[in-house]
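# Coordinates in review
This is what each chain is made of:
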Amino acid sequence: MAHAPLYIAMWSGPRNVSTAMMRSWGQRPDTFVTDEPLYAHYLSVTGLPHPGADETIAHHEADWRRVAAWLTGPIPEGRTVWYQKHMAHHLLPMIEHDWLEKLTHCFLIREPREMITSLIEFIPHPTIYDTGLPQQVEIFDQVVKRTGAVPPVVDGADVLRDPRGMMTKLCQRLGLEFTEDMLRWPPGPRKTDGVWAKHWYAKVEKTTGFGPYQPKDIPVPDALKHLIPECERLYQYLHQHRLPV
């Protein structure tokens, strides 16, 4: 089905199914995918010791203005859909938002307790801003105010429970046809992956599709329990708008 160029900004928090979602969209013949294009800028400004930080800054564009110009310019490889995997916390306060008006925004969320207990495997002492939830809500509210419409919100657990159903609904909301290709992909790395993939993507590189949902019952460490009430509030605010199961 022919359609006008579509620029999809999927705003996620860390340790969600965001990379699997990028794999899914990467299977579409009409879609070009981009992996966390603001990550190098985020690391260069914050100085955070993320795995592979120096290599990320060295190999990826760290000037947010150049990144924004690229993300709103011609879609690479002659494709008609540009799927941009964004981490919401990478949109730092000094980044202007005018360019975001050229994108179609979606939101990928995860239950906070499950997200935090996964995040601490990589970042032992996260703050609420490392969860991306405050930034997701801020972007969401801006989109609603500007457009007068609620953008698509997808819960990662819902995708894992019913990949075909949820991806079909997401495509429909975006005015696209769902294709079965979005449910399966070859294992291994991709040339579109960031250089940080070797630190973060070991599990997803073994996958050939969305895995089954497996609830986590790992308790949140006492030192991080203070994050839960506000994280839950923000998560529920977005969750109420999620695509129906």
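That block above? That's the structure.
Each residue is numbered by its place in its chain's sequence as written, counting from 1. Residues qualify for local features only when their pLDDT is at least 70, as the model is predicted, and side-chain atom pairs are given and counted only at 80 or more; totals for whole chains, interfaces and linings, by contrast, use all residues. Processing note: side-chain calculations cover all non-hydrogen atoms of the structure and skip hydrogens and water entirely.

This paragraph deals with empty space enclosed by the protein. Within this scheme a cavity is a closed region of a 1 Å grid, computed over the protein atoms alone, that accommodates a 1.4 Å probe without allowing it to escape, whereas a pocket is open but has protein on both sides within 12 Å along at least five of seven lines; lining residues each have an atom within 4 Å of a point. Grid points are joined across faces, edges and corners, and a volume is the space filled by probe spheres set on the points. Counted according to the given criterion, the structure contains one cavity of 30 Å³ or more. Lining of the largest cavity is provided by Gly 13, Pro 14, Asn 16, Leu 108, Ile 109, Arg 110, Met 115, Thr 131, Leu 133 and Gln 136. Counting from the N terminus, the helices are the DSSP runs of H or I reaching at least four residues and the strands are the DSSP runs of E reaching at least two. Elements supplying a minimum of two residues to the lining of the largest cavity: β4 (104–109) and α6 (133–147).

Here we come to the packing of aromatic side chains. Any Phe, Tyr or Trp ring, taking Trp's six-membered ring, that has another such ring centre within 6.5 Å forms a pair; planes under 30 degrees apart are called stacked, those over 60 apart edge-to-face, and the others tilted. In the structure shown here, the tally under the stated rule is 10 aromatic pairs. For the pair Tyr 39 and Trp 196, a centre-to-centre distance of 4.9 Å together with 80 degrees between the ring planes defines the contact as edge-to-face. With a gap of 157 residues between them, Tyr 39 in helix α2 (residues 39–46) and Trp 196 in the loop between α8 (163–173) and α9 (197–200) connect regions that are remote in the sequence. With a 1.4 Å probe rolled over the protein chains alone, any residue whose accessible area is under 20% of its type maximum counts as buried; one over 50% counts as exposed, and the rest are partly exposed. With a relative accessible area of 2%, Tyr 39 lands in the buried category. Summarising the aromatic geometry, the rings of Trp 70 and Trp 82 are spaced 4.9 Å apart at their centres and angled 80 degrees between planes, so their arrangement reads as edge-to-face.

What follows is about the side chain of Gln 135. Within the element layout of this structure, Gln 135 appears in helix α6. Since its relative accessible area comes to 11%, Gln 135 is described here as buried. Contact between two residues is taken to exist if any of their heavy atoms lie within 4.5 Å; hydrogens are not considered. Residue contacts for Gln 135: discarding those within four places in its chain leaves Ala 88, His 89 and Tyr 129.

Only the stretch in contact is used when fitting a helix axis, every axis being a line fitted to C-alpha atoms; angles between N-to-C directions are given from 0 to 180 degrees. Where helix α1 (residues 18–26) meets α8, the axes come as close as 13 Å, and the angle between the chain directions of the two elements is 65 degrees. Taken together, the axes of α1 and α8 lie roughly perpendicular to each other. At the point where α1 passes α8, the crossing takes the right-handed sense. Taking contact as the criterion, the partners of Met 21, Ser 24 and Trp 25 in α1 are, on α8, Met 167, Leu 170 and Cys 171. When residues are sorted by character, Ala, Val, Leu, Ile, Met, Phe, Trp, Tyr, Cys and Pro go into the nonpolar class, Asp, Glu, Lys and Arg into the charged class, and all the rest, Gly among them, into the polar class. Class assignment of the residues belonging to the contact of α1 with α8 gives a composition of five nonpolar, one polar and no charged. Any angle that is under 35 degrees is reported as roughly parallel, and any over 145 degrees as roughly antiparallel; angles of 65 to 115 degrees are reported as roughly perpendicular and all others as oblique. Note on convention: the crossing is left-handed when the near helix lies turned anticlockwise from the far helix by less than a right angle, right-handed when the turn is clockwise.

Let us now look at the layout of surface pockets. When its volume is computed, the largest pocket comes out at roughly 1,100 Å³. Lining the largest pocket are 42 residues, and of these Arg 15, Asn 16, Val 17, Arg 110 and Lys 203 lie nearest its centre. For the lining of the largest pocket, the secondary structure elements donating two or more residues are α1, β3 (81–87), α5 (112–119) and α7 (156–161). Partitioned by chemical class, the residues of the lining of the largest pocket number 18 nonpolar, 14 polar and 10 charged.

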